[in-house]
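Observations on chain architecture
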Amino acid sequence: GESVGLHLPTLSVQEGDNSIINCAYSNSASDYFIWYKQESGKGPQFIIDIRSNMDKRQGQRVTVLLNKTVKHLSLQIAATQPGDSAVYFCAENIGENSGTYKYIFGTGTRLKVLA
Amino acid sequence: IAGITQAPTSQILAAGRRMTLRCTQDMRHNAMYWYRQDLGLGLRLIHYSNTAGTTGKGEVPDGYSVSRANTDDFPLTLASAVPSQTSVYFCASSERIGNSPLHFGNGTRLTVT
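Let us look at the structure shown here. (Residues numbered from 1 in each chain as written. Chains lettered and ligands numbered in written order. Predicted model: local features only at pLDDT ≥ 70, side-chain atom pairs only at ≥ 80, totals over all residues. Heavy atoms only, no water.)

1. Side note on unusual backbone geometry
Backbone torsion omega between Ala7 of chain B and Pro8 of chain B reads -5°, so that peptide bond is classified as cis. Assignment of secondary structure puts Pro8 of chain B in the loop between β1 (4-7) and β2 (10-13). We note that Arg61 of chain A has phi near 65°; this positive angle belongs to a residue other than glycine. Of note, Arg61 of chain A is situated in the loop between β5 (56-58) and β6 (62-67). (Helix = DSSP H or I, 4+ residues; strand = E, 2+ residues; numbered from the N terminus.)

This is the structure in structure tokens:
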């Protein structure tokens, strides 16, 4: 889930298991969502996105689920690998047609993959 | 490799000094952004640009300025640095403003002493 204060929540997963990272978003008007991966010393890297007219989208080893009723987003990583260790955070954007620049970013969850 | 290039990678700057962080993209994206990332906080938008020749203020614009003379370059200037501007700065771009994924550079780590 999202972090509070200075300490990121940490999810520890055994290599080969599936990971589920959660995000509660803030605005019911948000209609576009992105998951990012950030490794230490690097910039955020795009993983997958989803629009509000969908409730599920799959990529390579990743699935994003969107529950608009409870404003919840999750990222599922299948067969987690050591290279998946990173901080993951979600972003929401308001308004396909509003032309707004405004993305709201979560503070993230640290994923640790145990060998 | 296509993407965003930021320079410098890191910098230690005395308070009161002027500094320009450079950002160049080669994806021909219309929109560009500057964010700062601080411990315990999500990325916060400083300034953005919808297209070459236009800029706008984000959430935390005070003490920063930007320009967008062409599509590829989007420099961020700190006119007179203060310690509270110590942060990691990320430049990003997207094909268009809104509902388009942001692509980030690897950041500039700035320490103001």
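2. Quick word on the pattern of salt bridges
Residues and elements named next belong to chain B. Under the defined criterion, the tally for this structure stands at five salt bridges over all chains. Note that Arg28 is salt-bridged to Asp72, the shortest N-O span being 2.9 Å. Of the two residues, Arg28 is situated in the loop between β3 (19-25) and β4 (31-37) and Asp72 in the loop between β7 (64-66) and β8 (76-78); the sequence distance between them amounts to 44 residues. With a relative accessible area of 57%, Arg28 lands in the exposed category. Asp38 is the partner of Arg44 in a salt bridge, and the nearest nitrogen-oxygen pair spans 2.8 Å. Its relative accessible area of 15% is what places Asp38 among the buried residues. Each of Arg36, Asp38 and Arg44 takes part in one network of salt bridges that share partners. (Salt bridge = Lys/Arg side-chain N within 4 Å of Asp/Glu carboxyl O. Buried < 20%, exposed > 50% of the residue type's maximum accessible area, 1.4 Å probe, protein only.)

3. Regarding the state of the cysteines
Summed over all chains, the structure comprises two disulfides over all chains. Across the disulfide, Cys23 of chain A is cross-linked to Cys90 of chain A (sulfur-sulfur distance 1.6 Å). Residue Cys23 of chain A is located in strand β2 (residues 19-24), and its partner Cys90 of chain A is located in strand β8 (residues 86-94); the two are separated by 67 residues in the primary sequence. In this structure, Cys23 of chain A and Cys90 of chain A share a single accessibility class: buried. Disulfide partner of Cys23 of chain B: Cys91 of chain B, at an S-S distance of 1.9 Å. As the torsion about the S-S bond is roughly -70°, the Cys23 of chain B-Cys91 of chain B disulfide counts as left-handed. One end of the pair, Cys23 of chain B, is in strand β3; the other, Cys91 of chain B, is in strand β9 (residues 87-94), and 68 residues separate them in sequence. Each of the two residues, Cys23 of chain B as well as Cys91 of chain B, counts as buried. (Disulfide = S-S within 2.5 Å.)

4. Side note on the interface of chain B and chain A
Counting residues at the interface gives 24 residues for chain B and 26 residues for chain A. Buried surface at the junction of chain B and chain A, summed over both partners, amounts to about 1900 Å²; 55% is from carbon and sulfur atoms. Put simply, chain B and chain A have zero salt bridges between them. Along the contact surface separating chain B from chain A lie eight residue pairs in polar contact (both at pLDDT 80 or more). When residues of the side of chain B that touches chain A are traced back to their parent elements, those giving at least two are β4 and β5 (44-49) of chain B. Residue contributions to the side of chain B that touches chain A peak at three residues, all from β4 of chain B. Taken together, the residues of the side of chain B that touches chain A sort by class into 12 nonpolar, nine polar and three charged. (Contact = heavy atoms within 4.5 Å. Buried area = accessible area lost by both parts, 1.4 Å probe. Polar contact = N/O pair within 3.5 Å; in protein donor to acceptor, adjacent residues only side chain to side chain. Nonpolar A, V, L, I, M, F, W, Y, C, P; charged D, E, K, R; others polar.)

Keep in mind that these numbers describe shape and distance, not what the molecule does.
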